[in-house]
Amino acid sequence: MTEIKLTAAELIRAAIEQAYGQAPFARDELAAMLEYPPDENMGDLAFPCFKLSKTLRKSPVMIAEELSRVISSRDFAKVEPVSGYLNFFVSREYYEEKIIPEILQKGEDYGKSDVGKGKTVVLDYSSPNLCKPFHLGHLASTMIGHSIKKIHQFCGYNCVGINYIGDWGTQFGKQIAAYKLWGNEEEVKKGGVDELARLYVRINNEISGDEENGIAPRKDLADMARAEFHKLEEGDKENLRLWKWFVDISLEECNRTYKKLGVDFDSYAGESFYTDKMPAQVEKLREMGLLKIDQGASIVDLSEYNMPPCLILKTDGSTLYPTRDIAASVYRYNTYDFAKCIYVTASAQCLHFSQWFKVVELMGYDFYDKLVHVPYGMVSIGGEKLATRTGNVILIRDLIDAAVEKVTAVINEKNPDLENKEETAQAVGVGAVVFHYLLNSRIKDINFVMDDALSFDGNTGPYVQYTYARTCSILEKAGEYKAEKIKITEKAEEDLAKILSRFGEAVENALNDYEPSDITRYILDVCTAFNRFYHDCPIITAEDEAEKQTRTALTKATNTVLGSALPLICMKTPRKI
Ligand code: ARG
C-alpha cells in the first residue's frame, strides 16, 4: 500500500469520526477501498462513498459532500465530492517535501518492504528436461521464475531457487540406445549437446516412422530404449556412466546460457535426486488407504474433486512425474520450512499441479496450502507449436547471439568509441530478449517472432536501458542538488514525481500476483514520464539554480528507481550505451 493511500485513508477515518461521531472503519480497510481514477481530472485517488452508505445510513452523495467539508491536509491540494465519490488531488508539496526526499535518502532501499522478513520461499523454475535442446519454451519459466525470485528478495524473503532438472526418465533410455547404435565418444566430445540432440531426434524420428513417406515405425527401437532405461534404473554400470556423462554435457550447455542471462540457482536437485525418497511416500499413501489399483496401475482417485485420477505407479511398478513431485515437496518442506513453494511452468501443467497438490492435502500434510503453481501461456513460433522432433525450436543460445550481434552493429555505428563495448552489447542484447518475454502478463500466449524480440523501437528493453543511461549521463554533468530545495513548477515534473511515488505499490502487486509484467509496465511508465520531463524541462541549462536543483534531484530519483526496478526483471543497468 502506498503511503499516500494510507494518508488519505486516515483522513477519511478521522473525518467520519468528526462528522458522524463514530469510527466504524479502520484505516487499512478504508485504504483498500481507494481507487485510481481513470482520468486525471478526477484526481489522483478516488474514494467510492457508496461503500459506507449502508453503515452510515446516508446517500453516497451526502457522505462525499459532508466528508469533503471536514478534510484538510497539506498533502492534498483539494478534496472534491463528485457524484458520490471523494476525489483526492495530491499536492505538489507532498512530492517536494516527502516523496523525492525519501527516494534520495533511502536510495536503493526505496520501494523495498519487509513483508518477507524471517520467511523462506522456495522457487522451482527453469527445470528443463536434459538431453533435449535448451530452447525458447524454457526461457519463459527461467525468466519469470528468476524475476519472481528477485521480487521476493526485494521484499525481504529468504529465497531458495531450485532448478529441478529433468535428469531421469525414459528419454535417457532413448539417448543411451541412440548413442549405442549410432554415436561414438569422439563425436559426442566434439559436438557436445548438439551431437546428443542429433542422436535424440534421430531415434525419435525412427521410432515414430513417417507414414506419408512409407517409412514404418521402428517398434524394436522403442523396446530397446525401454530396456536401456530399465537397465539404468537397475544400476547397470555402463548405463549409469553414460547417463552421468550426458547429464553433465547437457547441464554445462544450460549453465552457459544461464550465465549469459544472469540467472543462477541455489540448488540443482533434480528428478533423480528423489529416487530414494519416493518409496516412503508411496508407502504412506498405501497405509492411508488412498491408493487404488486401476488396470494394474496405482492411482489416487480424485473424482470427488472433479479431477481425473493422479497416477502414482505404472503397471510395472515404476514411479511417475506426480510421484516425484510429491516426494520432492515433502523433502523441501522438511529441509527449508518454506512459507511458500512456488512452481513456474507452462499452463499445460495446471492439471498436474492441481492433482498432486490435492493428494498432498489428502495425505494430511499441512503445508499443502503453501504450494503455489504459477503458470504461463503457450509459447509458439510463427503460430506453430514448439517441437523438438520436427525441429521447430529456436535455441536460447542462438536467440541471445542474434540479439547481441544486432546491438553490437548498432553500437559500432552510433557510438564506436564506447568503453566496455562487448559487455554493454551483452547487457543490452540479453535485456532486449528478457524484456520482450516479461512485457505481457505471463498467462498470455507468446507467439514468438524474432524481429519483434530484436526490435529496438517503442516499448523495448534497449529503450528503457537507454533511458537509464541518459539519467546517468545527466547526473555526471549536473552539479549538486539539495533535497530540501525542491520546488515543482511544471506539470511534467509533477507527473514524474507521481509515478516515482508508486514504485512500492508496483512491487507489491507484482509480488502478490507473481506477475513480473507489473514491474515491466511500471518501468515503461517511468521512462515515458522521464522522457517527457527531459523534453519539456531543460536540466543542465535550466533558467535558475532552484530549477536546476529540482530537476537534478528528480533525475537522481528516477535513476534510483530505475536502478532498482530493472534488476527485478533481470535486466542489467549499463551506465553508458
Ligand atoms: N521438467 C519439467 C518440464 O520440462 C518441468 C518441471 C517443473 N517442476 C516441477 N516440480 N514439476 O516439463
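You'll find the structure just up there.
As a starting point, this report considers the structure included with it.

**Regarding the pattern of salt bridges**
Summed over the entire model, instances satisfying the criterion amount to 42 salt bridges. Salt-bridge contacts for Glu271 lead to Arg324; the nearest nitrogen and oxygen are separated by 2.6 Å. Taken together, the positions of Glu271 in the loop between helix H10 (237-261) and helix H11 (278-287) and Arg324 in helix H12 (residues 321-336) put the pair 53 residues apart, joining distant regions of the chain. Accessibility assignment for this pair places Glu271 and Arg324 in one class, buried.

**Side note on the site of the ligand**
Every residue near the ligand is listed here: Asp124, Ser127, Asn129, Tyr164, Tyr321, Asp325, Tyr343, Thr345, Gln349 and Phe353. Asn129 places a polar side-chain atom, nitrogen or oxygen, 2.8 Å from a nitrogen atom of the ligand. Within the contact set of the ligand, an oxygen atom lies 2.9 Å away from a side-chain nitrogen or oxygen of Gln349. Elements represented by at least two residues in the shell around the ligand include exactly H12 and strand E9 (340-346). Each residue belonging to the shell around the ligand can be placed in one class, and the counts come to four nonpolar, four polar and two charged.

**A look at the side chain of Thr520**
Summarising the element assignment, Thr520 is placed in helix H20 (residues 516-536). Those residues within four positions of Thr520 in sequence are excluded, and the remaining contacts are Phe435, Leu438, Leu439 and Ile569.

**A word on the nonpolar core**
Phe47, Phe88 and Ile100 are the most contacted members of the largest nonpolar core, which totals 150 residues. Ranked by the residues each element gives to this core, the list is headed by H10, at ten residues. Residues contacting Phe88, with those up to four places away along its chain left out, are Ala8, Ile12, Gly43, Asp44, Leu45, Phe47, Ile71, Phe76, Lys78 and Val79. Membership of the second largest hydrophobic core comes to 28 residues, among which are Val160, Phe338, Val360 and Leu371.

**A short note on the state of the cysteines**
Tallying each qualifying case throughout the model produces zero disulfides. Here Cys310 is not cross-linked by a disulfide; its sulfur's nearest cysteine counterpart is in Cys350, at 15 Å. Exposure remark for Cys310: the relative accessible area of 1% places this residue in the buried category. This cysteine, Cys341, is not joined by any disulfide, and Cys159 carries the nearest cysteine sulfur, 12 Å off.

What counts and how
- Residues numbered from 1 in each chain as written.
- Predicted model: local features only at pLDDT ≥ 70, side-chain atom pairs only at ≥ 80, totals over all residues.
- Heavy atoms only, no water.
- Salt bridge = Lys/Arg side-chain N within 4 Å of Asp/Glu carboxyl O.
- Helix = DSSP H or I, 4+ residues; strand = E, 2+ residues; numbered from the N terminus.
- Buried < 20%, exposed > 50% of the residue type's maximum accessible area, 1.4 Å probe, protein only.
- Near = heavy atom within 4 Å.
- Polar contact = N/O pair within 3.5 Å; in protein donor to acceptor, adjacent residues only side chain to side chain.
- Nonpolar A, V, L, I, M, F, W, Y, C, P; charged D, E, K, R; others polar.
- Contact = heavy atoms within 4.5 Å.
- Core = buried A, V, L, I, M, F, W, Y, C linked by side-chain atoms within 4.5 Å.
- Disulfide = S-S within 2.5 Å.

Worth remembering: the numbers are spatial, not functional.
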